[in-house]
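# Summary of structural features
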Amino acid sequence: MCGIVGYVGEQNATSILLTGLKKLEYRGYDSAGIALYDGEKITLDKTVGKLSKLEELVSNNRPEGNIGLGHTRWATHGKPSTPNSHPHSCCGGDFVVVHNGIIENYANLKAELKEKGHQFSSETDTEVIPHLIDEYYEGNLKAAVRKTVAKLKGAYALGVLSLQEPDKLIAVRQDSPLIIGLNGSENFIASDIPAVLEHTDKVYILDDGEMAEITANQVDIFNVDNGESIKKDIFEVDWDPGMAEKSGFDHFMLKEIHEQPETIRKSIAGRLNKTDIEFDEVSLSKEEIEAYNRIYVVACGTAYHSGLVAKYVIEDLAEIPVEVDVASEFRYRNPLIDDNTLVIVVSQSGETADTLAALREAKNNGARALAVVNTVGSTIAREADDVIYIHAGPEIAVASTKAYIGMLTCFYMLAIYLARQQNKLSDETSAKLIKALKNLPEQVAKIIKEDSDKIEQLAKNYAGEEDAFFIGRKVDYSVALEGSLKLKEISYIHSEAYPAGELKHGTLALIEEGIPVIALATQTSVLDKTLSNVKEVKARGGVVTGVVFAGQEEIDSFDYQIEVPKTEDILSSILTVVPLQLLSYYIAVERGCDVDQPRNLAKSVTVE
Ligand code: F6R
């Protein structure tokens with residue numbers, strides 16, 4: 001986590017660093033800082049709190065200079081505090097570092113450096129890095145940084161600025177993302193593309209074990225181990241800068257909910273014909289697919305929830321057994337993987353450390369790895385054998401919405417694809433599902449347009465509650481889990497999701513007068529059973545909001561009813577999640593929560 005930016009060019013770096021950090025604030029927002037070289041000295045400005053605090057801090061005494069570094073932090077080692085904020089420097093202040101990642105052996109390194117007389121001013125793991133550079137510097141910054149990183153164990157994306165060679169930045173990447181933006185007489189470093197998008201669409205994406213020496217006019221890339229020069233291709237980004245702006249919405253989350261029809265359109269574009277799915281990017285042969293006896297879907301959080309939907313759909317249509325694993329568990333258990341196993345990793349950012357580690361583990365064990373990813377050029381996308389891109393564009397709000405819908409869309413297409421390759425889906429059924437997929441963008445748009453006001457009203461009723469429950473069966477249960485996560489992460493209401501039939505095995509004890517229960521009830525084959533469970537809840541005083549298909553008979557068990565347009569039962573997740581996203585959003589707004597940047601969280605979790 002954490003976001004880093006760097007600038008070297010002809011303009012005043014302060015405002016460029018601050019706007020870059022603003023775009024990276026989703027990665028961490030408990031403290032922030034910048035370092036600027038003004039022609040004589042390096043000034044550090046840093047503070048605990050959000051970026052706005054840093055902006056206030058520098059507003060009266062804005063340092064001037066054409067080269068600098070910035071950082072927005074999500075604390076790992078050391079609580080959020082001004083001394084623990086980045087940038088960090090060595091004792092004399094000659095070397096300044098911003099870091100995203102974790103240095104696992106920092107305690108030993110710190111002890112060794114202290115013995116040599118270095119004095120530390122923070123509790124962070126990062127601070128060992130500028131002290132080490134100071135220790136190794138003998139007139140060549142690149143050489144000192146190489147010696148330093150040779151001592152580090154862990155994950156790091158680094159930006160280094162030095163009083164000794166103040167015309168350049170050094171960037172290093174190992175297991176944490178880092179890109180370099182190129183714009184003629186100015187160059188940038190950043191944790192993610194949106195930070196440089198308003199300046200350039202041309203970037204280098206550093207790989208692990210690579211470092212760059214960056215001046216205003218030149219970028220040289222090297223292998224960290226042997227120092228040899230590396231020639232890299234420039235990556236041209238096809239996002240427009242407006243995609244990373246709020247465009248008139250109060251919050252990124254609301255904007256991203258509204259973008260969901262477009263996300264589905266982009267995900268299906270060019271991939272559907274009348275009866276089949278065309279995945280040019282997937283190179284699985286018919287024989288390979290037929291040979292798969294197991295699929296693992298591995299991911300974290302919301303992406304994991306998309307995998308739970310994938311299980312229902314792939315097992316139902318393609319008849320291949322699917323196990324869904326939380327990535328941080330998958331890599332530490334002993335999953336049974338062989339040549340006939342397909343591992344699908346799912347990630348919006350493509351940088352989540354747990355998911356990346358699971359991908360590597362799966363590949364080391366001989367599995368074929370397919371990634372469903374949003375961020376083009378991300379590490380997971382580059383390391384997987386095949387990639388299906390979601391095409392949701394940049395997602396900025398910490399709470400994932402449009403990426404989830406994009407993941408679901410890709411999984412529906414993948415399930416049909418796998419089924420058709422094995423002749424397990426008739427032309428007729430496939431055509432029906434594909435037709436229904438094509439209708440989804442309009443249907444999602446309809447929910448947003450017609451139901452937002454009603455859901456906003458409902459949110460007012462729920463905003464004072466401290467507990468909530470979500471229930472459903474089949475695909476509805478997977479969506480219940482996602483609705484529950486959305487609610488707790490942005491509104492801080494305690495929330496749990498259960499298969500509707502499971503409540504009576506214990507959790508029903510928690511249902512009492514006035515407890516809100518959101519019941520998803522779209523699955524025709526189990527509708528009666530779900531409604532019986534709703535009655536059990538009502539009998540204990542629960543206040544039930546039902547999410548049902550339009551046209552379904554008015555159900556008297558519900559206190560409130562939200563209708564989504566009718567689609568095939570199996571595709572319902574794409575529609576039912578939308579009211580749940582809106583409900584969480586409006587409840588969080590009503591409670592005065594920071595919707596886009598909920599407490600304790602960060603968007604891209606690049607630590608284990
Ligand atoms: C919740 C949320 C997280 C992410 C999770 C995985 O709204 O966004 O649960 O889904 O951290 O992130 P990615 O998809 O980037 O791997």
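Here goes a summary of the coordinates provided. None of the values given here were measured: they were computed from a predicted structure. For every chain, the first residue of its written sequence is number 1, and the numbers climb from 1 along that sequence. With the structure being a predicted model, the display of local features is reserved for residues of pLDDT at least 70 and the display and counting of side-chain atom pairs for 80 or more, all residues being used for whole-chain, interface and lining totals. With hydrogens and water set aside, each side-chain value is computed from the structure's full complement of heavy atoms.

Let us now look at helix H17 (residues 573-590). Runs of H or I in DSSP of at least four residues are treated as helices and runs of E of at least two as strands, each being numbered from the N terminus. A helix's residues, less one, multiplied by 1.5 Å, set its expected span. If you check H17, its first and last C-alpha atoms are 26 Å apart, about what 18 residues at 1.5 Å a residue would give, namely 26 Å. Think of it in three bands: with a 1.4 Å probe and only protein chains considered, a residue is buried below 20% of the maximum accessible area for its type, exposed above 50%, and partly exposed in between. Of all 18 residues in H17, 16 are buried; the element is thus mostly enclosed. Downstream of H17 by a residue or two, Gly592 has a phi angle that is positive, lying close to 75°.

The next thing to look at is the sheet that holds strand S8 (residues 169-174). A pair of strands is labelled paired if DSSP reports no fewer than 2 bridges between them. Taken together, seven strands build an open sheet; the order of strands is S5-S6-S7-S8-S12-S13-S14 and the sheet is antiparallel. The strands lining the two open edges of the sheet, one partner per strand, are strand S5 (88-89) and strand S14 (229-230). Two strands pair when backbone bridges link them, and S8 and strand S12 (residues 210-214) are joined in this way by five bridges, in the antiparallel orientation. Its bridge partner lying in S12, Val172 is registered against Met211.

So, on to the pattern of salt bridges. Two side chains with opposite charge may pair up if their charged atoms get near one another. We define a salt bridge as a side-chain nitrogen of Lys or Arg found within 4 Å of a carboxyl oxygen belonging to Asp or Glu. Tallied over the entire structure, the rule returns 38 salt bridges. Of the charged contacts in the structure, one is a salt bridge between Lys232 and Glu210, with a shortest N-O distance of 2.8 Å. Within this pair, whereas Lys232 is found in the loop between S14 and strand S15 (235-236), its partner Glu210 is found in strand S12, the two being separated by 22 residues in sequence. Considered together, Lys232 and Glu210 belong to a single accessibility category, that of buried residues. Put simply, Glu262 and Arg265 hold a salt bridge, and the shortest N to O gap is 3.2 Å. Of this pair, Glu262 and Arg265 both sit in helix H7 (residues 260-268), three residues apart, roughly one helical turn. The partly exposed category is assigned to Glu262, whose relative accessible area is 37%.

Our focus in this paragraph is the layout of surface pockets. The rule is simple: put a 1 Å grid over the protein atoms alone, call a set of points where a 1.4 Å probe fits but cannot get out a cavity, call an open set with protein on both sides within 12 Å along at least five of seven lines a pocket, and count a residue as lining if it has an atom within 4 Å of a point. Grid points are joined across faces, edges and corners, and a volume is the space filled by probe spheres set on the points. As a volume, the largest pocket reaches approximately 530 Å³. The wall of the largest pocket is formed by 27 residues, among which Cys300, Gly301, Ala602, Lys603 and Val605 lie closest to the centre. Of all elements in the fold, only helix H9 (301-318), strand S18 (341-347), helix H11 (353-364) and helix H15 (475-491) reach the threshold of two or more residues within the lining of the largest pocket. Sort the elements by how many residues they give to the lining of the largest pocket and H9 lands first, with three residues. Split into classes, the residues belonging to the lining of the largest pocket amount to 12 nonpolar, 10 polar and five charged. Nonpolar residues are Ala, Val, Leu, Ile, Met, Phe, Trp, Tyr, Cys and Pro. Charged residues are Asp, Glu, Lys and Arg, and all others, Gly as well, are polar.

For the rest of this paragraph, the subject is the packing of aromatic side chains. Within 6.5 Å between ring centres, the rings of Phe, Tyr and Trp (the latter by its six-membered ring) count as paired, and their orientation is classed by plane angle as stacked under 30 degrees, edge-to-face over 60, tilted in between. By the definition in use, this model includes five aromatic pairs. Ring geometry for Phe95 and Tyr137: centres 5.2 Å apart, planes at 50°, overall tilted. Highlighted residues: Phe95 in strand S6 (residues 95-103) and Tyr137 in the loop between helix H4 (128-136) and helix H5 (141-151), separated in sequence by 42 residues. In this pair, the class of Phe95 matches that of Tyr137, namely buried.

Take the sheet that holds strand S25 (residues 560-564) next. As summarised here, the arrangement of the five strands in space is S22-S21-S23-S24-S25, forming an open sheet in which the pairing is parallel. Either end of the sheet is taken by a strand with one partner, and the two such strands are strand S22 (494-499) and S25. Across the sheet, the mean angle from the axis of one strand to that of its neighbour is 20°, orientation sign disregarded. Note: strand S23 (residues 516-520) against strand S24 (residues 543-549), five bridges, orientation parallel. When the sheet's bridge partners are listed, Ala519 is paired in S24 with Gly546. In the packing of H15 onto the sheet, contacts are made with strand S21 (467-472), S22 and S23, and the angle to S22 comes to roughly 175°. Here, axes are lines fitted to C-alpha atoms. For helices the fit covers the stretch in contact, and angles between N-to-C directions go from 0 to 180 degrees. Here, two residues are considered to be in contact whenever any of their heavy atoms come within 4.5 Å of each other.

What follows deals with the packing of H9 against helix H13 (residues 402-421). As a packed pair, H9 and H13 sit with axes 9 Å apart at the nearest point and diverge in direction by 20°. Looking at the two axes, H9 sits roughly parallel to H13. When you trace H9 past H13, the crossing you get is right-handed. Where H9 approaches H13, its residues Thr302, Ala303, His305, Ser306, Gly307, Val309, Ala310, Val313, Ile314, Leu317 and Ala318 are matched on the opposing element by Tyr404, Met407, Leu408, Phe411, Tyr412, Ala415, Ile416, Leu418 and Ala419. Classifying every residue of the contact of H9 with H13 by side-chain character gives 16 nonpolar, four polar and no charged. Convention used here: angles under 35 degrees read as roughly parallel, angles over 145 as roughly antiparallel, angles from 65 to 115 as roughly perpendicular, and any remaining angle as oblique. Left-handed describes a crossing whose near helix is turned anticlockwise from the far helix through less than a right angle; right-handed describes the clockwise counterpart.

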